[in-house]
Amino acid sequence: MKTTGIARAHTNIALIKYWGKKDKALFLPMNSSLSLTLEAFYTDTKITLDETLEKDEFYLSNVLQQEAETQKISKFLDLFRIPAKETRFARIESYNFVPTAAGLASSASAFAALAGAMHQAMEWDLSRSHMPAQKLSTYARRGSGSSTRSLFGGFVEWNQGTNSEDSMAIPIDDASWDIGMLIVVVNGAAKKISSRVGMEQTVATSPFYPAWVESAKTDLEEIKTAIQEKNFTRMGEIAEFNGMKMHATMLASQPPFCYFEPDSLVAQQQVVYLREVLGIPAYYTMDAGPNVKVLCKASDLDKVRDHFKQYFSSEKLISSLPGEAMRTLTEEEWQESIQHFNQKGI
Ligand code: 2P0
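Just so you know, these numbers come straight off a predicted model, no measurement behind them.

Describe the sheet that holds strand β10 (residues 180–184), naming the residues involved and giving the relevant values.
Sheet strands pair via backbone hydrogen bonds, and the direction of the pair is either parallel or antiparallel. Read across the open sheet, the four strands follow the order β11-β12-β10-β13; overall the sheet is antiparallel. Because the sheet does not close on itself, it has two edges, and the strands there are β11 (282–286) and β13 (317–320). Looking at each pair of strands side by side, their axes are set apart by 25° on average, direction ignored. Sheet analysis places β10 next to β13, joined by four bridges and oriented antiparallel. By the bridge assignment, Leu182 is partnered in β13 with Ser319.

If you had to explain the environment of Ile193 to someone new, which residues and values would you point to?
Following the sequence through the fold, Ile193 ends up in the loop between β10 and α4 (195–205). With a relative accessible area of 25%, Ile193 lands in the partly exposed category. Sequence separation of Ile193 and Ala288 is 95 residues, and the distance between their C-alpha atoms is 8.1 Å. Ignoring any residue separated from it by four or fewer positions in sequence, one finds Ile193 in contact with Gly198, Phe257 and Tyr259.

Run through the site of the ligand, naming residues and quoting values.
Surrounding the ligand, one finds 17 residues, the nearest of these being Tyr18, Lys21, Ser144, Gly145 and Arg196. Side-chain polar atom of Tyr18 to an oxygen atom of the ligand: 2.6 Å apart, as the coordinates give it. Contacts to the ligand include Lys21, whose side-chain N or O atom sits 2.7 Å from an oxygen atom. Against a free-state accessible area of 460 Å², the protein chains account for coverage of 93% of the ligand. With three residues, α4 is the largest single contributor of residues to the shell around the ligand. Among the residues making up the shell around the ligand, the classes are represented as seven nonpolar, five polar and five charged.

Let's hear about the packing of aromatic side chains: which residues, and what values?
Tallying each qualifying case throughout the model produces 14 aromatic pairs. Look at Tyr42 and Phe97: their rings are 4.6 Å apart centre to centre, the planes differ by 20°, and that puts the pair in the stacked class. Pair noted here: Tyr42 is in strand β4 (residues 33–50) and Phe97 is in strand β7 (residues 89–97), with a separation of 55 residues, a long-range link. Summarising the burial analysis for this pair, Tyr42 and Phe97 share the class buried.

Basis of the calculations
Residues numbered from 1 in each chain as written. Predicted model: local features only at pLDDT ≥ 70, side-chain atom pairs only at ≥ 80, totals over all residues. Heavy atoms only, no water. Pairing = 2+ DSSP bridges. Helix = DSSP H or I, 4+ residues; strand = E, 2+ residues; numbered from the N terminus. Axes fitted to C-alpha atoms, helices over the stretch in contact; angles between N-to-C directions. Buried < 20%, exposed > 50% of the residue type's maximum accessible area, 1.4 Å probe, protein only. Contact = heavy atoms within 4.5 Å. Near = heavy atom within 4 Å. Polar contact = N/O pair within 3.5 Å; in protein donor to acceptor, adjacent residues only side chain to side chain. Areas by Shrake-Rupley, 256 points an atom, 1.4 Å probe, with all protein chains shown as cover. Nonpolar A, V, L, I, M, F, W, Y, C, P; charged D, E, K, R; others polar. Phe/Tyr/Trp six-rings, centres within 6.5 Å; stacked < 30°, edge-to-face > 60°.

Put into structure tokens, the structure is as follows:
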């Protein structure tokens, strides 16, 4: 017997960062975080549970993946299969609509899409749950922490909770009030220190780490108030402050490490120029890599992008509006998506 599930999930960029785990096996974070889901980048995944398969098969962008990659996915699918005594193996087909050159992690959208597709393939009836997407976010979390937040659209909190059942995503606001983001690709190559390793080293060695955890709590409360009041300036100030504090913890870890590259600083300086000289509200944030994300108003996106064209080539500048929640796709939408992927050659 065969059953299938198909889902699309968008990636997200944190404005209040997740940096450090208190439980590595369960992916329980040291602090709650908050992000903006992005429309421009997403993953589409189809899962077919099939009793005739003798092992899991994972195809990424039409290419059958090696054992190591497939094992990570199998381990994730087992979170669903083992408690339900589901014995069928899966064929997993995934397409990342995240340009490889964009240097953006796709693990957030990848595990959120996997969770969405898998619950459908398992024929889970989540309609009886009063919080189906929140429940699914606790599964996504165990694939990659940041994917917890990709179950919802707009501004999303990942409430750290107290255990594996309540460390989950909470939708905060749909971000339909003139919000945009410009991704400045400084370097699209894979990072040297993965965020998983980087955060572990920071928690273990940085004397700034306890201060980070304390101040992230205040930042989260303040940014939630700013979002509720639709106060763009205040939201941007808090996001910029929080992001740089996270990077400061890494500079103080042993050995120190830093994701910045010279052009990251060029981009940061231009964001400051935009707001201080040109009067365009814009704020920057950075993750576990050298690329700079510029939070601005959707109505200013073209102006912000035009300004950055003086310093970066066009293909390094990707504009995005806020994205939607994870959703399941029909077979027809899936076929259209594959066609789109094959034509675009992402
Ligand atoms: C975030 N990052 O909040 C932070 C800010 C990077 C910097 O979540 O180990 O790939 O899989 O839970 O989610 C990237 O870390 O790490 C991340 P794991 P993940 O977006």
